[in-house]
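Here's the letter readout for the chains.
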Amino acid sequence: MQLEEGKRVPRHVSIIMDGNGRWAQERGLERVKGHLQGVASVRAALEECADNGVEYLSLYAFSTENWGRPDDEVNYLMQLMFKSIMDELENFMANGVRFMVLGNRASLPDILNDSIDKAMEMTAGNKRITMILFISYSGKWDILQAAKHLAAKAISSGEGESWLVGVGEKDFSSLLVTDGIPDPDLIIRTSGEQRLSNYLLWQGAYSEFYFTKVLWPDFDRAQMKLALEEYGRRDRRYGKVK
Ligand code: IPE
Ligand code: IPE
Ligand code: MG
């Protein structure tokens, strides 16, 4: 399902996957069944993006705030992420997918961290597309950990405040967990909510936003294609006059 020839393709697409619980509740199922169904949508989005030459697909899988959900749901999500990573490894290798996880890794269960390490090592050389899962991530957490790093560097420079004068936006960006990854060109949010929910606050400064009422488990390749096509019609000005 490729876009028309010559259409502008986003280099980095990022998705706030929302609406799993509502999808399940609408069917009289438990919320977690929506999370399970959502895994198929990840596969569909990945395939559509890869086929259209998107270089990075990132997905907000679990926010810092999501730790506040009931234990059963949190545990289910941790298990599901572990199982999905293990199940998809073969698919990543067959399809040239480089896999990465960004977020507060120290807060994740060991079994999940081990599967992440394994998948990141195995897929490190894959070149077709990079898929990033943001797990235990929030934009404020990211900015705060970068600020702490910066403060530590300023102290160890021995020059204190005068060292800080030379620090620019690029230097700060390089301390965020997304160092080396281009900022998202397009941020998609499903389920009708129109908010960032503490996602890529710094990196999303000039992203295009695409909101759809479709719930994440119903987001298929055709839906992904619609979002890519809409991006192709956007006029990005970055504050300048064209
Ligand atoms: C998104 O679906 C998945 C996560 C946040 C982990 P939700 O679980 O937020 O689904 P709704 O918004 O309650 O329908
Ligand atoms: C945002 O969805 C987080 C993820 C998709 C991982 P939420 O469902 O947690 O966000 P709110 O609570 O509606 O803002
Ligand atoms: Mg939600």
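The structure we're discussing is the one just above.
We now turn to the structure provided with this report. All chains use their own residue numbering, which begins from 1 and follows the written sequence. Chains and ligands are labelled by the order in which they are written, letters from A for the one and numbers from 1 for the other. Residue-level local features of this predicted model are given only where pLDDT is at least 70; pairs of side-chain atoms are given and counted only at 80 or more, and the full residue set underlies all totals for whole chains, interfaces and linings. Only hydrogens and water are removed before side-chain values are computed, so all heavy atoms of the structure are retained for them.

**What about the overall build of the protein chain?**
As a reminder of what qualifies: By the criteria applied, helices consist of DSSP H or I runs no shorter than four residues and strands consist of E runs no shorter than two, each listed in order from the N terminus. For this measure, only C-alpha atoms enter the radius of gyration; the expected value for a globule follows 2.2 Å times N^0.38, where N is the number of residues. Under the scheme applied here, a residue whose accessible area is under 20% of the maximum for its type counts as buried, over 50% as exposed, and between as partly exposed, the area being computed with a 1.4 Å probe on protein chains only. Residue contacts are counted whenever heavy atoms from the two residues lie within 4.5 Å of one another. Reported accessibility uses the Shrake-Rupley method at a 1.4 Å probe radius. Residues are deemed covered only where the shown protein chains occlude them. As used throughout, the charge tally considers Lys and Arg to be positive and Asp and Glu to be negative, leaving His and the chain termini uncounted. Here the site of a charge means NZ on Lys, CZ on Arg, CG on Asp, or CD on Glu.
Each helix and strand in the protein chain was counted, giving eight helices and six strands. Ordered by position from the N terminus, the helices and strands of the protein chain form the series β-α-α-β-α-β-α-β-α-α-α-β-β-α. Relative to the 2.2 N^0.38 estimate, which gives 18 Å for 242 residues, the radius of gyration of the protein chain is 19 Å and therefore close to what a compact globule would have. Of all 242 residues assigned to the protein chain, the portion counted as buried reaches 47%. Residue pairs at least 24 apart in sequence account for 78% of intrachain contacts in the protein chain once pairs closer than 6 positions are excluded. When the accessible area of the protein chain is evaluated, it comes to approximately 12,500 Å², of which 51% is carbon and sulfur surface. Side-chain charges in the protein chain split into 30 positive and 35 negative, and the spacing between the mean points of these groups amounts to 4 Å.

**Quick word on the site of ligand 2**
Put simply, the rule reads: The cutoff for a nearby residue is simple: one of its non-hydrogen atoms must lie within 4 Å of the molecule or strand. We call two N or O atoms a polar contact when they sit within 3.5 Å, provided that within protein one can donate a hydrogen and the other can accept it, with sequence-adjacent residues counted only if both atoms are side-chain atoms. Only protein atoms enter the calculation, which uses a 1 Å grid: trapped sets of points that fit a 1.4 Å probe without letting it out are cavities, open sets showing protein on both sides within 12 Å along at least five of seven lines are pockets, and any residue with an atom within 4 Å of a point is a lining residue. A cavity or pocket is said to hold a molecule if more than half of that molecule's atoms lie within 2 Å of its grid points. For this classification, the nonpolar set comprises Ala, Val, Leu, Ile, Met, Phe, Trp, Tyr, Cys and Pro, the charged set comprises Asp, Glu, Lys and Arg, and every other residue, Gly included, is treated as polar.
Near ligand 2 the following residues occur: I16, M17, D18, Y60, A61, F62, S63, N66, R69, R189, R195 and S197. Measuring from an oxygen atom of ligand 2, one finds a side-chain N or O atom of N66 at 2.9 Å. Taking R195, its side chain carries an N or O atom lying 2.8 Å from an oxygen atom of ligand 2. Within the complex, the protein chains bury 77% of what would otherwise be the 390 Å² of accessible surface of ligand 2. A majority-of-atoms criterion places ligand 2 in the largest pocket. A per-element tally of the shell around ligand 2 places strand β2 (residues 56-63) first, with four residues. Looking at the shell around ligand 2 residue by residue, the classes come out as five nonpolar, three polar and four charged.

**Some points on the packing of aromatic side chains**
For the record, the criterion: Stacked, edge-to-face and tilted labels apply to pairs of Phe, Tyr and Trp rings (six-membered ring for Trp) whose centres lie within 6.5 Å, assigned for plane angles under 30 degrees, over 60, and everything in between, in that order.
Counted according to the given criterion, the structure contains twelve aromatic pairs. Geometrically, the ring pair formed by Y60 and Y199 is stacked, given 4.1 Å between the ring centres and 20 degrees between the ring planes. Of this pair, Y60 sits in strand β2 while Y199 is found in the loop between β5 (186-189) and β6 (208-211), placing the two residues 139 residues apart along the sequence. In this structure, Y60 and Y199 share a single accessibility class: buried. Note on F134 and Y137: the rings are 4.7 Å apart at their centroids and 65 degrees apart in plane angle, and the pair reads as edge-to-face.

**Quick notes on the environment of N75**
Mapped onto the fold, N75 is located in helix α3 (residues 71-94). You can call N75 partly exposed: its relative accessible area is 46%. Along the sequence, N75 and P109 sit 34 residues apart, while their C-alpha atoms lie 9.5 Å from each other.

**Comments concerning the pattern of salt bridges**
Put simply, the rule is: What counts as a salt bridge is simple: a side-chain nitrogen of Lys or Arg found within 4 Å of a carboxyl oxygen of Asp or Glu.
By the definition in use, this model includes 24 salt bridges. Between E30 and K33 there is a salt bridge, and its shortest N-O distance comes to 3.3 Å. For K33, a relative accessible area of 35% translates into the label partly exposed. Of the charged contacts in the structure, one is a salt bridge between E229 and K225, with a shortest N-O distance of 3.3 Å. Here the residue E229 and the residue K225 both occupy positions in helix α8 (residues 221-233), the gap between them amounting to four residues, near one helical turn. Residue classification places E229 among the partly exposed residues on the basis of a relative accessible area of 23%.

**Points about the packing of helix α2 (residues 31-51) against α8**
Selection rule: The convention used is that axes are lines fitted to C-alpha atoms, helices contributing only their stretch in contact, and that angles between N-to-C directions extend from 0 to 180 degrees. For classification, angles of less than 35 degrees are called roughly parallel, those exceeding 145 degrees roughly antiparallel, those between 65 and 115 degrees roughly perpendicular, and all remaining angles oblique. Here a crossing is called left-handed whenever its near helix is offset anticlockwise from the far helix by less than a right angle, and right-handed whenever the offset is clockwise.
Interaxial distance between α2 and α8 falls to 8 Å at its minimum, and their mutual angle equals 45 degrees. By the criterion of interaxial angle, the relationship of α2 to α8 is oblique. Here the hand of the crossing between α2 and α8 comes out right-handed. Contacts from A44, A45, E47, E48, C49 and D51 in α2 reach R221, M224, K225 and L228 in α8. Among the residues forming the contact of α2 with α8, the class breakdown is five nonpolar, no polar and five charged.

**Brief notes about the pairing of strand β3 (residues 97-102)**
Which entries qualify depends on this criterion: By this definition, two strands are paired if DSSP reports at least two bridges between them.
Counting buried positions along β3 gives five out of six residues, so the element sits mostly inside the fold. Direction of pairing for β3 relative to strand β4 (residues 129-137): parallel, over a ladder of six bridges. Of the residues in β4, the one forming a bridge with L102 is F134.

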